[in-house]
Amino acid sequence: MRITQGTFSFLPDLTDEQVSAQIEYCLEHGWAVSIEHTDDPHPRNTYWEMFGQPMFDLRDAAGVMAEVTSARATFGERYIKVNAFDATRGLETLRLSFLVNRPSVEPGFGLVRQEAAGRSIRYTIRSYSTDLPAGERYQ
Amino acid sequence: MDLDARKQLPSADRYRAGVLKYAQMGYWDPDYEPKDTDVLALFRITPQEGVDPEEAAAAVAGESSTATWTVVWTDRLTAADVYRAKAYRLDPVPGSEDQFFACIAYDIDLFEPGSIANLTASIIGNVFGFKPLKALRLEDMRFPVAYVKTFDGPPTGIVVERERLDKFGRPLLGATTKPKLGLSGRNYGRVVYEALTGGLDFTKDDENINSQPFMHWRDRFLFVMEAVNRASAASGEVKGHYLNVTGATMEDIYERAEFAKELGSVVVMIDLVIGYSAIQSISKWARRNDMLLHLHRAGASTYTRQKQHGISFRVIAKWMRLAGVDHIHAGTVVGKLEGDPNTVQGFYNILREPLNPVDLQRGLHFEQDWAGLRKVMPVASGGIHAGQMHQLLHYLGEDVVLQFGGGTIGHPDGIQAGATANRVALEAMILARNEGRDIWNEGPAILADAGRWCTPLRAALDTWGEVTFDYASTDTADVAATPTPA
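Along each chain, the written sequence defines residue order, and numbers are assigned to residues from 1. The lettering of chains begins at A and the numbering of ligands begins at 1, in the order of writing. Only residues with pLDDT of at least 70 are given local features in this predicted model, and only at 80 or more are side-chain atom pairs given and counted; all residues enter the totals for whole chains, interfaces and linings.

Draft legend 1. The arrangement of the overall build of chain B in detail. Within chain B one finds 19 helices and 15 strands. Taking 2.2 N^0.38 as the reference for a compact globule, 486 residues should give roughly 23 Å; the C-alpha atoms of chain B span a radius of gyration of 25 Å, in line with that estimate. Along the three orthogonal principal directions, the C-alpha set of chain B runs to about 85 × 50 × 35 Å. Burial is judged by counting the other C-beta atoms within 10 Å of a residue's own C-beta: 20 or more makes it buried, 12 or fewer makes it exposed, and any count in between marks it as partly exposed, with every C-beta position built from the backbone. Burial status across chain B gives 54% buried among its 486 residues. Contact between two residues is assigned when their C-beta atoms, built from the backbone, lie within 7 Å. Put simply, of all contacts in chain B between residues at least 6 apart along the chain, 75% involve residues at least 24 apart. Under the DSSP-based scheme used, a helix requires at least four consecutive residues in state H or I and a strand at least two consecutive residues in state E, with every element numbered from the N terminus. For the radius of gyration, the atom set is restricted to C-alpha positions; the globular benchmark scales as 2.2 Å times the number of residues to the power 0.38.

Given below as structure tokens:
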């Protein structure tokens, strides 16, 4: 399966040129770009691993792209996303977040149903990738 | 007693038993300087033939605050001068000779803290049926920060909603299940499953889906949540369906909301017709239970649409931000329902901005500071389709739920294809906009390009590309150009 988290997951994977243009857009708005990666893309897994700090002071798209390239080289078999953070009062949140790398095989998720009273079901979404311990997934 | 009908009287004359003009009773005071703590209202007044507009404005101030039709000596047992609302400004409506804008100031202590029911019982309680007026419309209101702070506001708000859903940088996508009446629970869930797996973020119950013979509410909730969870597992995204918990009594509403929570829904929905107190009750419930609260403005057009009489939707939008909902239907501009572009943008600004400056072209007559109150996500729904994506983004911006009901379910290749067409159209347009392209002019070309590799989008454009709803709006701003501060 193809997970569709992030702003552009229904489009074909973005080229480096397209990624760079989006980063440029974020920097023009004064947002801080950061890179995160994970091998557990559960929809409620909020805290992916940070690939360094948010780049508050880096205002050059080429510099950010160098970090993206470096993240891909290190974690090529993980999901990697680029986030843009806006510190404006009343927002103080992400304004854009999109995937820039996927593992070569995406095993997806199973749905575990626990049958409860009155036809109710308690649902659990389980990442197949987490069947293996961290570090051994997506080999 | 031959007195100037516009002048206040000395106390002894003012309180002599009998009938006085409202202006003479002190409800017209052109020298009054509104206080920062006053609640302000702007009414559009159409007096009956022969009725002096200042007297009409004074009557509105009187009937919406302390007055009755005759002098009562018991006023003198109160600080009547403070409690009396004051009409302090009157302007002819540009282009409409029989109509006037009247500004009225109300002391903050006239209102119960945190109660929309009390606020509205004063402002719209009696006065709309008043005989000397041919018609009356509440155009806008300004709430002082001190009063805003007595409300909890939206339980979730735009920022937290996005963080919970993990969806940033684009409008959210939804669809209302169709046909709105008649599907069984099992078939209803099928529509939800197809639309969400196809790429939508939300699906929705319609306003009149509650618990009917063809589908009881529990059955709907169970089938829908199966569909929502399947779609979430299939995509890796958080998905939701607005489960309409509207019921005959508050006990029914709570029971349905609790069941939605037990099943793991992230959102519930109510109709505006449940009433202001019910809305505030379920809002507090939603806040306690970390639930998004979607409001369908069922019934609103009965009193918001006509310019001369009723309540502008901008006022309803302000009341609902105070009352505390997370989503509210606020117009599409380009779809099948009423919506002049400037007027609709005025509604959106009320829902989404931390502070609204005076903006007469968009119908905002007062500055409104929201004092940190969370923002409401507007919902655009009704006769919109993928071919309008550039226009929707241009008019409505990014913080909006674009809701394509027919535009998803009516797709020639099925519901999943319809959903995919909408999602691809949206992402392609955001990508292009961020790249600096002029989407207003290049929009159709951007969509056609994406349609070359996305068959569902191509089919959607072929089916609906030319559909527009181009009718004159009835609810438009009165100030067209070169606005001056109110």
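This is not the end of the story, as more comes after the structure.
Draft legend 2. Layout of helix α8 (residues 185-198) of chain B. Residues and elements named next belong to chain B. Compared with the 20 Å implied by 1.5 Å per residue over 14 residues, the 20 Å span of α8 between its first and last C-alpha is a close match. Among the 14 residues in α8, 10 count as buried, and that is most of the element. Within α8, burial applies to Y188, G189, V191, V192, Y193, E194, A195, L196, T197 and G198. Lining the buried residues of α8 we find β5 (172-176), β6 (202-204), α9 (217-235), β7 (240-244), α16 (406-409) and α17 (415-434). Following α8 by one or two positions, G199 has its phi on the positive side, about 135°. Take the residue count of a helix, subtract one, and multiply by 1.5 Å to get its expected span.

Draft legend 3. Examining the interface of chain B and chain A more closely. Between chain B and chain A, the residue contacts involve 31 residues of the former and 28 residues of the latter. Per-element accounting of the side of chain B that touches chain A gives the leading share, eight residues, to α9(B). Side-chain classes follow a simple rule in which Ala, Val, Leu, Ile, Met, Phe, Trp, Tyr, Cys and Pro form the nonpolar group, Asp, Glu, Lys and Arg form the charged group, and the remainder, Gly included, forms the polar group. Grouping the constituent residues of the side of chain B that touches chain A by class yields 12 nonpolar, eight polar and 11 charged.

Draft legend 4. A look at unusual backbone geometry. All names here are of chain B. Put simply, K178 and P179 share a cis peptide bond, and its omega is -5°. By secondary structure assignment, the location of P179 is in the loop between β5 and α8. At D290, a residue that is not glycine, the phi angle is positive and equals roughly 50°. The class of D290 is exposed, set by 12 C-beta atoms lying within 10 Å. Notably, V333 is not glycine yet its phi reads approximately 70°, a positive angle. Counting through the fold element by element, V333 comes out in the loop between β11 (327-329) and α14 (341-352). In this structure V333 comes out as buried when scored by C-beta crowding, with 23 C-beta atoms within 10 Å.

Draft legend 5. Up close: the nonpolar core. Judged by nonpolar contacts, the single largest core of 170 residues is most densely connected at B:V60, B:I104, B:V268 and B:A425. Top element by residues in this core is α17(B). It accounts for 12 residues. A set of buried Ala, Val, Leu, Ile, Met, Phe, Trp, Tyr and Cys residues, joined to one another through C-beta atoms within 7 Å, is what we call a nonpolar core.

Draft legend 6. The environment of A:D60, seen in detail. Residue and element names in this part refer to chain A. Along the chain, D60 turns up in the loop between β2 (49-50) and α2 (61-74). With 12 C-beta atoms packed within 10 Å, D60 lands in the exposed category. Taking C-alpha positions, D60 is 35 Å from E136, a pair spaced 76 residues apart along the chain.

Draft legend 7. Looking closely at the packing of helix α15 (residues 389-396) of chain B against helix α18 (residues 439-453) of chain B. Residue and element names in this part refer to chain B. Lines are fitted to the C-alpha atoms to define the axes, a helix being fitted only along its stretch in contact, and any angle between axes, read from their N-to-C directions, falls within 0 to 180 degrees. Where α15 meets α18, the axes come as close as 8 Å, and the angle between the chain directions of the two elements is 150°. Taken together, the axes of α15 and α18 lie roughly antiparallel to each other. Handedness of the α15/α18 crossing: right-handed. Residue-level inspection shows M389, H390, Q391, L393 and H394 of α15 in contact with α18, the latter providing I439, W440, G443, I446 and L447. Class assignment for the residues of the contact of α15 with α18 results in six nonpolar, four polar and no charged. Roughly parallel covers angles under 35 degrees, roughly antiparallel covers those over 145, roughly perpendicular covers 65 to 115, and oblique covers all other angles. Here a crossing is taken to be left-handed if its near helix is turned anticlockwise relative to the far helix by less than a right angle, and right-handed if that turn runs clockwise.

Draft legend 8. Geometry of the sheet that holds β2(A). Residues and elements named next belong to chain A. Here four strands make up an open sheet; going across it, the order is β2-β1-β3-β4 and the pairing antiparallel. With one partner strand each, in any of the chains shown, β2 and β4 (93-101) form the two edges of the open sheet. With seven bridges connecting them, strand β3 (residues 79-86) and β4 associate as antiparallel partners. Bridge assignment links A84 to a residue of β4, and that residue is L96. Each of β1 (32-38), β3 and β4 touches helix α1 (residues 16-28); the most contacted strand, β4, lies at about 165° to it. Paired strands, as defined in this entry, are two strands with at least two bridges between them according to DSSP.

Draft legend 9. The sheet that holds strand β4 (residues 133-142) of chain B, seen in detail. Residue and element names in this part refer to chain B. Within the open sheet, the five strands sit side by side as β2-β3-β1-β4-β10. Their pairing is mixed. The sheet is open, and its two borders are formed by β2 (86-93) and β10 (310-311), each paired with just one other strand. One ladder, built from seven bridges, connects β2 with strand β3 (residues 96-106); its direction is antiparallel. Bridging from a neighbouring strand, P92 pairs with F100 of β3. Sheet strands touched by helix α3 (residues 53-63): β1 (39-47), β2, β3 and β4. Its angle to β2, the strand with the most contacts, is close to 135°.

Draft legend 10. Expanded view of helix α19 (residues 455-464) of chain B. All names here are of chain B. The complete set of buried residues in α19 reads P456, L457, A460, L461 and W464. Angularly, the buried residues of α19 cover 135° about the axis, an arc narrow enough to put them on a single face. Turning to α19, the residues buried within the fold contact α16, α17 and α18. What the arc covers is the set of directions going from the helix axis to the C-beta atoms.

Draft legend 11. View of the confidence of the model for chain B. All names here are of chain B. The pLDDT averaged across chain B works out to 93; a share of 96% of its residues lies at or above 70. Values of pLDDT, ranging from 0 to 100, describe the predictor's confidence in every residue of the model. The low-confidence segment residues 482-486 (pLDDT under 50) makes seven contacts with residues lying over four places distant or belonging to another chain. Scoring of the predicted complex yields 0.94 for pTM and 0.96 for ipTM.

Draft legend 12. Representation of the pairing of β1(A) within the structure. Residue and element names in this part refer to chain A. The pairing of β1 with β3 spans seven bridges and is classified as antiparallel. The residue of β3 that forms the bridge with E36 is K81. Where β1 and β2 come together, two bridges link them in antiparallel fashion. Across the sheet, the residue bridging to H37 is E49, located in β2.

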